[in-house]
Amino acid sequence: MFLLPFVALALGFALFWGLAGEYALAGETFARYAAIALLAGLDTVLGGVRAWLTDKFDDTIFISGFFLNALFAVGLVVLGEQLGLEVGFGDGRISMMMIGAVVLFSGRILNNLAALRRLVIERVRARQGLGAIGTVPLGSE
């Protein structure tokens, strides 16, 4: 079970390099799509850690969410580019949908990080017997 993430990573790299020659994208275009997919994946991973800490983790929901979020985010960027919803000048134009996706996923990542910080602090305090956040331990008044 411990090796499963490493096997999946190796399989992903093999698939990527195998398909990269057949469906070659320009480096900048691929970087845009990869960046959005990475943000969506990071959001899903942090949400999974949060669910695990609250004992609500479901691997089927996590895996499906990981891939669907990444594909949907990339699809939004592609749709924005196909519809001509771009801003900027010359070669530096970027999709407005990409900006929206970055803002959305960045906000979700920050919310997940805040929730994770709170959960970890509560667990540490519970182990040390300090009580919940915002309370004063007994005998220290």
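Heads up: the structure comes first, above all this text.
The following refers to the structure shown. Note that this is a predicted model, so its numbers are computed, not measured.

Let's talk about a nonpolar patch on the surface
Taken together, the side chains of Leu 79, Leu 83, Leu 85, Val 87, Ile 94, Met 96, Ile 99 and Val 103 make up a nonpolar region of the molecular surface, amounting to roughly 650 Å² of accessible area. Residue contributions to the nonpolar patch peak at three residues, all from helix α4 (residues 96-128). Here Leu 85 shows up in the loop between α3 (59-82) and β1 (86-87).

What to know about the nonpolar core
Ile 36, Ala 40, Ala 73, Val 77 and Phe 105 are the most contacted members of the largest nonpolar core, which totals 16 residues. Elements supplying a minimum of two residues to this core: α2 (27-53), α3 and α4.

Considering α4
Compared with an ideal rise of 1.5 Å per residue, which puts 33 residues at 48 Å, α4 spans 48 Å between its outermost C-alpha atoms and is within 8% of the ideal. Those residues of α4 that sit buried are Met 98, Ala 101, Phe 105, Ile 109, Asn 112, Ala 115, Leu 116 and Leu 119. Trailing α4 by a residue or two, Gly 129 shows a phi angle of about 75°, which is positive.

Digging into the pattern of salt bridges
For the coordinates displayed, the defined rule picks out two salt bridges. Note that Arg 108 and Asp 43 form a salt bridge whose closest N and O atoms lie 2.8 Å from each other. With Arg 108 in helix α4 and Asp 43 in helix α2, this residue pair connects regions lying 65 residues apart in the sequence.

Remarks on the environment of Val 78
Structurally, Val 78 can be placed in helix α3. With 17 residues separating them along the chain, Val 78 and Ser 95 place their C-alpha atoms 8.3 Å apart.

Procedures and definitions
- Residues numbered from 1 in each chain as written.
- Predicted model: local features only at pLDDT ≥ 70, side-chain atom pairs only at ≥ 80, totals over all residues.
- Heavy atoms only, no water.
- Patch = residues over 30% accessible without salt bridge, like charges linked within 9 Å, V, L, I, M, F, W, Y side chains within 5 Å.
- Areas by Shrake-Rupley, 256 points an atom, 1.4 Å probe, with all protein chains shown as cover.
- Salt bridge = Lys/Arg side-chain N within 4 Å of Asp/Glu carboxyl O.
- Helix = DSSP H or I, 4+ residues; strand = E, 2+ residues; numbered from the N terminus.
- Core = buried A, V, L, I, M, F, W, Y, C linked by side-chain atoms within 4.5 Å.
- Buried < 20%, exposed > 50% of the residue type's maximum accessible area, 1.4 Å probe, protein only.
- Expected span 1.5 Å × (residues − 1).

All we've got here are geometric facts, nothing functional implied.
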